[in-house]
Amino acid sequence: MTKETGIIELETLVPLFIKDKDPEFGEGTYPIGDKIFLLDNDKLCKFLYDKAYDTEGNLREPGKDYVEFYGNFLARGEHGDELTRYNTFVALFGLEQIIDERRVPPGFQNRSIKYFLETTRLVNTSPRTAEPVVRSMAKGVTSMAAVGGGKKFIVNGLGTPYIPGSSIRGAVRNALLWTMLREDPALKITFDTFVQSRLASATDLTQKQKREFAQKFSTPPREVGLGLNALTASRLNPTFQGVAEYGDDYVHSYNTRWENASIIHRDLFRIVKISDATFVGDVQIEAIPVETYKLEPGNGGNVFQIKPNTHVRLNGVKAAVKARFRITIDKALAAEIFSGTIPQYLNSVPELLKALNCFFRAVATQEHSFFSLAPNSHNVRAVRQWYQEYRTVSGDDTAELPLLFRVGWGGGMMSKTQFLHLSDPDRKTVRNLTNNKGSAVAPKSRCLQVEEHNAVTPLGWCTLRYIGTDAEEFFHSKVLSVAEARQSTSRPQNCVKAIIVDASSSPAKIIVKEGLYYDTQTFMPKTLQCLQLTQGSELLVTLVITNGKLQKAEFYNTV
């Protein structure tokens, strides 16, 4: 078997918040109206390749190598040459050049994929024309509509909260990179050398320049040629065994495109695929009050104080809420990249979960140490006690403990991935690049859930549980309880509950809320006025399925 898929159940231990997309969307997305399409790296690269080359590998139009254009577009040049790079780019498409660097469009400065696709005229600016093309490159879509007041939880195009696969994938990437550095001494030396070279080059910068430097810390300096984001499995075997017959030029071009896409989108690698996580049943979004606490020296020792003007309400999900997602490991690709010897943590989905648990228990240990620096600070006592329960324990006791995981807000840069491998002085140096706090411990502050200005829990911590490989059983069990299943036996075949999401369209649009096609949208050719049904109404429908595909739904009864 070349691929292994497992179904994972995530359960929140504390409130969880994942921020929805802002209008300032940046790279990796394409906004159309109130929707934001999340672009897929592979599909985008294939789209550009197909636009540039025919089936024989020849350019379709002389001088129109969109793959090369995109690589140059993403590249970061020397300081001060942004104007030259912009004029070179627009000249390719007959657009007006400029003489003032301040007029360089933000889309070009931010390396916006939307700006690239529209400037090259690969995608029409008309929403009606653009959406089908963009959708073909997308891996998901979110809505910019707010959910109540305060900071909004991410929702899909139907307004349903979910956990994006990209968020889970980012956390997995952190854990596996940490595992790779821990288990591969040579890679750890490369990492340490890179960090030291980058820190050395920042010593003479002004504080403003240091903040800009910190934002681009992972961009490889010319003299080193390797960035933190490139320290992944994609760089362990740069020639990719098995593609040598295509020639060195193809391999180099392929690796260059892949590395550019990887650096922009910050995915770990293609070995591990992770789906979006769908909440089990209906999930309620609640206002969660949070404040940021900072560690400060006091008369009787260190204390935690609330930073002024940091109180905010997050529209998040509470503890004990469950969601489910898929993890797929491509073992054939893992064997190819790791030269035939697959690491233990990629041998199976359960082994992958063990690696995640090991990393996040190390994070919990670091967090517990941080809050223990002020043992008499009573306003974070509950948080300190929470970490005491979930931090790493000695011996084999962890075998009986839940598998820890963290996603969304709350972690902070200094408790993630590579920074756990740094010495305390280096951690402070990296932290001070962004915000100089001198010799203070790194990190210095944390965002915590509060009740009457006392911190009660951290944010984002969850447990993971492997529940098997049966996808059909997984989706069918998401909302059907035992009692509901018994009740459904009297219904016709394929008769399930549904909710009307658009009563004004003709035919009406519904979303399935039971069974194998849970959370799938379809239409129901039935006049609603005579049924007195409106948007949000629940009803029973019979699904019409042809060759395994859901075609439509027919009205059966009201609920």
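Procedures and definitions
Residues numbered from 1 in each chain as written. Predicted model: local features only at pLDDT ≥ 70, side-chain atom pairs only at ≥ 80, totals over all residues. Heavy atoms only, no water. Pairing = 2+ DSSP bridges. Helix = DSSP H or I, 4+ residues; strand = E, 2+ residues; numbered from the N terminus. Axes fitted to C-alpha atoms, helices over the stretch in contact; angles between N-to-C directions. Core = buried A, V, L, I, M, F, W, Y, C linked by side-chain atoms within 4.5 Å. Buried < 20%, exposed > 50% of the residue type's maximum accessible area, 1.4 Å probe, protein only. Contact = heavy atoms within 4.5 Å. Salt bridge = Lys/Arg side-chain N within 4 Å of Asp/Glu carboxyl O. Phe/Tyr/Trp six-rings, centres within 6.5 Å; stacked < 30°, edge-to-face > 60°. Expected span 1.5 Å × (residues − 1). Polar contact = N/O pair within 3.5 Å; in protein donor to acceptor, adjacent residues only side chain to side chain.

Student: Could you give an account of the sheet that holds strand β19 (residues 549–558), with specific residues and numbers?
Tutor: The 5 strands lie next to each other as β17-β16-β15-β18-β19, forming an open sheet whose pairing is antiparallel. Of all strands in the sheet, those bounded by a partner on one side alone are β17 (521–524) and β19. Shown here is a sheet whose adjacent strand axes are inclined to one another by a mean of 50°, direction ignored. Where strand β15 (residues 495–502) and strand β18 (residues 538–546) come together, 5 bridges link them in antiparallel fashion.

Student: Tell me what's going on with the nonpolar core, and back it up with residues and numbers.
Tutor: Judged by nonpolar contacts, the single largest core of 70 residues is most densely connected at Ile163, Phe325, Ile327, Phe360, Phe405 and Trp461. Here this core takes 11 residues from helix α13 (residues 349–371), the largest share from any one element. If we ignore the near neighbours within four places in the chain, the residues touching phenylalanine 360 are Ala171, Ala175, Leu404, Phe405, Arg406 and Trp461. Grouped together as the second largest cluster of nonpolar side chains are 33 residues, Tyr30, Leu83, Phe89 and Leu117 included.

Student: Describe the pattern of salt bridges, with residues and values.
Tutor: Counted under the stated rule, the structure contains 16 salt bridges. Residue glutamate 4 is joined to lysine 331 by a salt bridge in which the shortest nitrogen-to-oxygen separation is 3.2 Å. Of this pair, glutamate 4 sits in strand β1 (residues 3–12) while lysine 331 sits in helix α12 (residues 331–337), and the two are 327 residues apart along the sequence. Take lysine 331: its relative accessible area is 21%, and that puts it in the partly exposed class. Of the charged contacts in the structure, one is a salt bridge between glutamate 367 and arginine 406, with a shortest N-O distance of 3.7 Å. On the criterion of sequence distance, the pair formed by glutamate 367 in helix α13 and arginine 406 in strand β11 (residues 403–406) is long-range, its members being 39 residues apart. The pair formed by glutamate 367 and arginine 406 is uniform in burial state, with each residue classed as buried.

Student: Let's hear about the packing of aromatic side chains: which residues, and what values?
Tutor: What the rule picks out here adds up to 27 aromatic pairs. A ring pair is formed by phenylalanine 69 and phenylalanine 93, whose centres lie 5.6 Å apart and whose planes are at 90°; its orientation type is edge-to-face. Of this pair, phenylalanine 69 sits in helix α2 (residues 66–74) while phenylalanine 93 is found in the loop between α3 (82–91) and α4 (106–109), placing the two residues 24 residues apart along the sequence. Its relative accessible area of 8% is what places phenylalanine 69 among the buried residues. The class for phenylalanine 93 is buried, based on a relative accessible area of 7%. Measuring from ring centre to ring centre gives 5.4 Å for tyrosine 86 and phenylalanine 108, while their planes differ by 80°; the resulting arrangement is edge-to-face. Note that tyrosine 86 is positioned in helix α3 and phenylalanine 108 in helix α4, a separation of 22 residues in sequence.

Student: Which residues make up helix α7 (residues 165–183), and what are the values?
Tutor: If you check α7, its first and last C-alpha atoms are 26 Å apart, about what 19 residues at 1.5 Å a residue would give, namely 27 Å. Of all 19 residues that make up α7, 14 are buried, and the element is covered over most of its length.

Student: Could you give me a rundown of the side chain of glutamate 4, with the residues and numbers involved?
Tutor: For glutamate 4, a relative accessible area of 11% corresponds to the buried category. Among the polar contacts listed, one links the side chain of glutamate 4 to the backbone nitrogen of valine 349, at a separation of 3.1 Å. Every residue in contact with glutamate 4, bar those within four places of it in the chain, is listed here: Ile327, Thr328, Ile329, Lys331, Asn347, Ser348, Val349 and Pro350.

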